[in-house]
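# Coordinate analysis (summary)
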Amino acid sequence: MTNISVAPGTEISLHFSLSIIDGDEVDSTFGGKPATFVFGDGSLLPSVEAKLLGLTAGAKETFTLEPQDGFGQRNPGNIQRFPLSQFAADMVLEEGLVISFADAARAELPGVVSEVGEDHVMVDFNHPLAGRNLAFRVEILSVSAQADTKS
């Protein structure tokens, strides 16, 4: 039996963990159900998929993701100041609170309260992992050709 390598169009089953370098684990499938996806279907960031190319079942790797390969750099323009009066009087506002806002297209946009002043609230709309160096640990369980792929 041929050991198929990760390539565009292959189906991959794997365990992964994503951690902040020198910090907490953010997400993991180890100890649970593995993730299964087709390479190139958008399930993983393109920079992560590129690191998986050529790996075969049984491979165990840990990759470092720089901010530009993960969730981008923090953008100071994504931190917005809102008047305190814009929030419900009974809302308990504190740093770290996640609030759902609607963007211009009426899509849900989460923001994290970063400061509460006497007359204002600062809300950070950056992705929580933006600007962070990340460790992506992976164990490839299986790699197979898709059934609809021509042999």
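What counts as what
Residues numbered from 1 in each chain as written. Predicted model: local features only at pLDDT ≥ 70, side-chain atom pairs only at ≥ 80, totals over all residues. Heavy atoms only, no water. Helix = DSSP H or I, 4+ residues; strand = E, 2+ residues; numbered from the N terminus. Rg over C-alpha atoms; globule rule 2.2 N^0.38 Å. Salt bridge = Lys/Arg side-chain N within 4 Å of Asp/Glu carboxyl O. Buried < 20%, exposed > 50% of the residue type's maximum accessible area, 1.4 Å probe, protein only. Phe/Tyr/Trp six-rings, centres within 6.5 Å; stacked < 30°, edge-to-face > 60°. Pairing = 2+ DSSP bridges. Axes fitted to C-alpha atoms, helices over the stretch in contact; angles between N-to-C directions. Core = buried A, V, L, I, M, F, W, Y, C linked by side-chain atoms within 4.5 Å. Contact = heavy atoms within 4.5 Å.

The next subject is the overall build of the protein chain. For the protein chain, the count of helices and strands is one helix and nine strands. Each helix and strand of the protein chain, ordered N terminal to C terminal, gives the series β-β-β-α-β-β-β-β-β-β. Taken over the C-alpha trace, the protein chain has a radius of gyration of 20 Å; the compact-globule value for 151 residues is 15 Å, which it surpasses by more than 25%. Overall, the protein chain is about 70 × 35 × 25 Å in size when its C-alpha atoms are taken along their principal axes.

It is worth spelling out the pattern of salt bridges at this point. Per the counting criterion, the structure on display carries two salt bridges. Between arginine 74 and aspartate 124 there is a salt bridge, with its nearest N and O atoms 2.2 Å apart. Of this pair, arginine 74 sits in the loop between strand S4 (60-65) and strand S5 (79-83) while aspartate 124 sits in strand S8 (residues 120-124), and the two are 50 residues apart along the sequence. The exposure class assigned to aspartate 124 is buried, which follows from its relative accessible area of 12%. Among the ionic pairs, arginine 81 bridges to aspartate 119, the shortest N-O distance being 3.8 Å. Of this pair, arginine 81 sits in strand S5 while aspartate 119 sits in the loop between strand S7 (108-116) and S8, and the two are 38 residues apart along the sequence.

According to the stated counting rule, one finds six aromatic pairs in the structure shown. Relative to phenylalanine 136, the ring of phenylalanine 16 lies with its centre 5.8 Å away and its plane at 15°, an arrangement referred to as stacked. Within this pair, whereas phenylalanine 16 is found in strand S1 (residues 10-20), its partner phenylalanine 136 is found in strand S9 (residues 134-145), the two being separated by 120 residues in sequence. When sorted by exposure, phenylalanine 16 lands in the same class as phenylalanine 136, which is buried. Summarising the aromatic geometry, the rings of phenylalanine 82 and phenylalanine 125 are spaced 6.3 Å apart at their centres and angled 70° between planes, so their arrangement reads as edge-to-face. Note that phenylalanine 82 is positioned in strand S5 and phenylalanine 125 in the loop between S8 and S9, a separation of 43 residues in sequence.

Our next topic: the sheet that holds S8. Strand order in the open sheet made by the four strands is S5-S8-S7-S6, with antiparallel pairing throughout. The open sheet has two edge strands with one neighbour each: S5 and strand S6 (98-102). The average undirected angle you get between the axes of adjacent strands in this sheet is 40°.

Before going further, it helps to spend a moment on the nonpolar core. In this structure, Leu14, Leu52, Phe136 and Ile140 are the most contacted members of the largest nonpolar core, which totals 21 residues. Mapped by element, the contributors of at least two residues to this core are S1, helix H1 (46-52), S4 and S9. With near-sequence residues (within four places) excluded, phenylalanine 136 lies in contact with Phe16, Ser17, Leu18, Val48, Glu61, Thr62, Phe63 and Leu65. Ranked by size, the runner-up nonpolar core spans nine residues in total, among them Phe82, Leu93, Phe101 and Phe125.

We now examine the pairing of S7. Direction of pairing for S6 relative to S7: antiparallel, over a ladder of five bridges. Residue isoleucine 99 lies in a different strand from S7, and its bridge partner there is glycine 111. Between S6 and S7, which pair antiparallel one after the other, the connecting turn spans five residues, and arginine 106 there sits at a positive phi close to 70°. As defined by bridge partners, S7 adjoins S8 across four bridges and the pair is classed as antiparallel. Along S8, the bridge assignment pairs valine 112 with aspartate 124. A loop of three residues connects S7 with S8, the two strands running antiparallel in sequence.

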